[in-house]
Amino acid sequence: HDVKYYEVRRPCRIMVLVNPQSGRGQALQLFSGQIEPMLTEASVPYTLVITEHQNHARDLVRETDLSQWDALVILSGDGLLFEVLNGLLEREDWEEAIQTPLGILPGGSGNALAASVHHYTKSPPAWGKELLLSCGFLLCKGLVTQLDLVSVHLASSQRIFSFLSLAWGFVADVDIESEKYRLVGPMRFLVGTLMRLASLKVYQGRLAYLPAPPFTPQNSSLCSSLPCGPNSSPNQNSRHNHITNSNHSTNSNHNIAHNSSNIAITTMRTEPQPVNQKGPPDSLLADLEQPVPDHWTVVNEEDFVLVLAMFQSHLAEDLFAAPGAAADDGFIHLLYVRAGISRLALLTLFMAMEKGGHLAIGCPHLVYERVKAFRLEPLSPEGAITVDGEMVEYGPVQAQVHEGIARLISG
Ligand code: ADP
Ligand code: MG
């Protein structure tokens, strides 16, 4: 998978958003202790924004003048980036706004994107402070790639955007239940997995998907780097022009449609949000009330232990769930585990997942498909679905990938 990069303009101006409550509540100390000295050393000017409540970052990026910023950087878990992405896609100028380079620094208990970005550099696995320093280094280096986003439709016709994962069954329950072990940091998933294994459940539902076309070298990505050439002045070419240009010059084969869709986007939070028409239209999806299109594959089983759709390589720092995934491969990596698996076999799967070996152990209950879109209709009246680790409305959901529409500081 050949990734091209572009550079952030230097000196670049970055907004660093920190959730002081994330992880063990030490994100601010991580910033002043580890990241601030790196940014100072690299002469990267930054503005620190400390979030005060949930959706603070989402509201801020929805309203802010983005021309002031060359990159938005999140020091938290995946939840804060989820807010920022959805805020950007709620703007009138979403098409340009979503091209703002985004950086991730692991400060939460779920740092899956940071672990994925680190993995994409082909470096040996890193955790904790080492992972933070690796991501800090990538930020100072300022290379940018494209990032796939997945639009997720919920039962109440809300649409949200996801960069990481959608989970139902075992993984979603672990995600939610392990919130109370937040104080153990990233270990919370391990603790949660062991607890859930003890009370293993079967989840009833229907699953269908649109298989991805067979892989060709054509599918390989195109990218560039943050607008930080050592000689460029801050007033030269706005970042967005730079990125737009590099985009055009590399023959992007995905078109961001200009016509507005009729699909409502609101937030996944429980409080009602204004319905808007922003974001790319979902050309692959039928109405959630209608049957899936004829050419989709409908899974025969209706009894599952888990369904997990991955959009990046890592589900957590130590869960390498989609070994073949890249930031902008244009695929949804769909995994499901059929009912009937023993506790021991499931534990073995999760242990193998730490090194990404779960697909190779020949587990007859595990299925893996690369898809472009999918639909999941849970039949059990109650349960949990998570998107990027955050609980969303429970009920039928469907999703499709939008290849490379966002920008990620990576490299
Ligand atoms: P963690 O990985 O520790 O869960 P996240 O970044 O995922 O860290 O944040 C957890 C939740 O906290 C997210 O839903 C996020 O939107 C929310 N949040 C962001 N800022 C704050 C804040 N200042 N106080 C409380 N919650 C916040
Ligand atoms: Mg989180």
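Read on for a plain summary of the structure. Keep in mind that this is a model prediction, so the values were computed, not measured.

The environment of ligand 1 is made up of 21 residues, and the closest members are Gly23, Ser76, Glu83, Arg182 and Glu390. At 2.3 Å from an oxygen atom of ligand 1 is found a side-chain nitrogen or oxygen belonging to Glu83. Contact between ligand 1 and Ser109: an oxygen atom at 2.9 Å from a main-chain N or O atom of the residue. Taken by itself ligand 1 offers 560 Å² of open surface, and the protein chains cover 87% of this. Taken domain by domain, the shell around ligand 1 gets at least three of its residues from each of domain 1 (6-148) and domain 2 (153-213 + 262-404).

Among the eight residues in helix H7 (residues 170-177), six count as buried, and that is most of the element. Within H7 the residues assigned to the buried category are Phe170, Val171, Ala172, Asp173, Val174 and Asp175. Elements in contact with the buried residues of H7: strand E8 (165-169), helix H8 (188-198), strand E9 (203-211), strand E12 (303-310), helix H10 (343-353) and strand E15 (385-387).

What follows covers unusual backbone geometry. In this structure, Asn55 takes a positive phi of about 75 degrees despite not being glycine. By secondary structure assignment, the location of Asn55 is in the loop between strand E3 (46-50) and helix H2 (56-63). You can call Asn55 buried: its relative accessible area is 7%. Phi angles above zero are rare outside glycine, and Asp388 is one such case at about 55 degrees. Within the element layout of this structure, Asp388 appears in the loop between E15 and strand E16 (390-392).

Across soluble globular proteins, you tend to see nonpolar side chains buried next to one another. Counting residues in each nonpolar core, the largest one holds 86 residues, and the members touching the most others are Leu149 and Leu166. In this structure, this core is formed jointly by two domains, domain 1 (6-148) and domain 2 (153-213 + 262-404), each of which donates at least three residues. Once residues lying within four places of it in the same chain are set aside, the contact partners of Leu149 are Leu85, Leu89, Ile98, Phe161, Ser162, Phe163, Gln400, Val401, His402, Ile405 and Ala406. By size, the runner-up hydrophobic cluster in this structure holds 27 residues, among which are Ala167, Ala172, Val174 and Leu346.

Before going further, it helps to examine the packing of H8 against H10. The axes of two packed helices give the description: the angle between them and the distance between them. As a packed pair, H8 and H10 sit with axes 10 Å apart at the nearest point and diverge in direction by 165 degrees. When the axes of H8 and H10 are compared, the pair comes out roughly antiparallel. In this structure, H8 crosses over H10, and the sense of that crossing is right-handed. Residues Thr193, Leu194, Leu197 and Ala198 of H8 form the contact with H10, whose own contacting residues are Arg343, Leu346, Leu347 and Phe350. Residue composition of the contact of H8 with H10, by class: six nonpolar, one polar and one charged.

With respect to the helices and strands, His153 occurs in strand E6 (residues 143-153). At 2.5 Å, the side chain of His153 and the side chain of Asp282 are in polar contact.

Attention now goes to the environment of Ile74. By secondary structure assignment, the location of Ile74 is in strand E4 (residues 71-76). Through-space distance from the C-alpha of Ile74 to that of Gly107 is 8.8 Å; in sequence the pair is 33 residues apart. Among all residues touching Ile74, those that are not within four sequence positions of it are Leu17, Leu80, Leu81, Val84, Gly103, Ile104 and Leu105.

This model, assessed by the stated rule, comprises 13 salt bridges. Linking Asp59 and Arg62 is a salt bridge whose minimum nitrogen-to-oxygen distance equals 2.6 Å. Of the two residues, Asp59 and Arg62 both sit in helix H2, three residues apart, roughly one turn of that helix. When the shortest N-O distance is used, the salt bridge between Glu403 and Lys372 registers 3.9 Å. Residue Glu403 is found in strand E17 (residues 397-409), and its partner Lys372 is found in strand E14 (residues 366-378); the two are separated by 31 residues along the sequence. Through salt bridges with shared partners, a single ionic network connects Arg58, Asp59, Arg62, Glu63 and Glu90.

Parameters at a glance
Residues numbered from 1 in each chain as written. Chains lettered and ligands numbered in written order. Predicted model: local features only at pLDDT ≥ 70, side-chain atom pairs only at ≥ 80, totals over all residues. Heavy atoms only, no water. Near = heavy atom within 4 Å. Polar contact = N/O pair within 3.5 Å; in protein donor to acceptor, adjacent residues only side chain to side chain. Areas by Shrake-Rupley, 256 points an atom, 1.4 Å probe, with all protein chains shown as cover. Domains from an automatic or database assignment. Buried < 20%, exposed > 50% of the residue type's maximum accessible area, 1.4 Å probe, protein only. Helix = DSSP H or I, 4+ residues; strand = E, 2+ residues; numbered from the N terminus. Contact = heavy atoms within 4.5 Å. Core = buried A, V, L, I, M, F, W, Y, C linked by side-chain atoms within 4.5 Å. Axes fitted to C-alpha atoms, helices over the stretch in contact; angles between N-to-C directions. Parallel < 35°, antiparallel > 145°, perpendicular 65-115°, else oblique. Left-handed = near helix turned anticlockwise from the far one by under 90°. Nonpolar A, V, L, I, M, F, W, Y, C, P; charged D, E, K, R; others polar. Salt bridge = Lys/Arg side-chain N within 4 Å of Asp/Glu carboxyl O.

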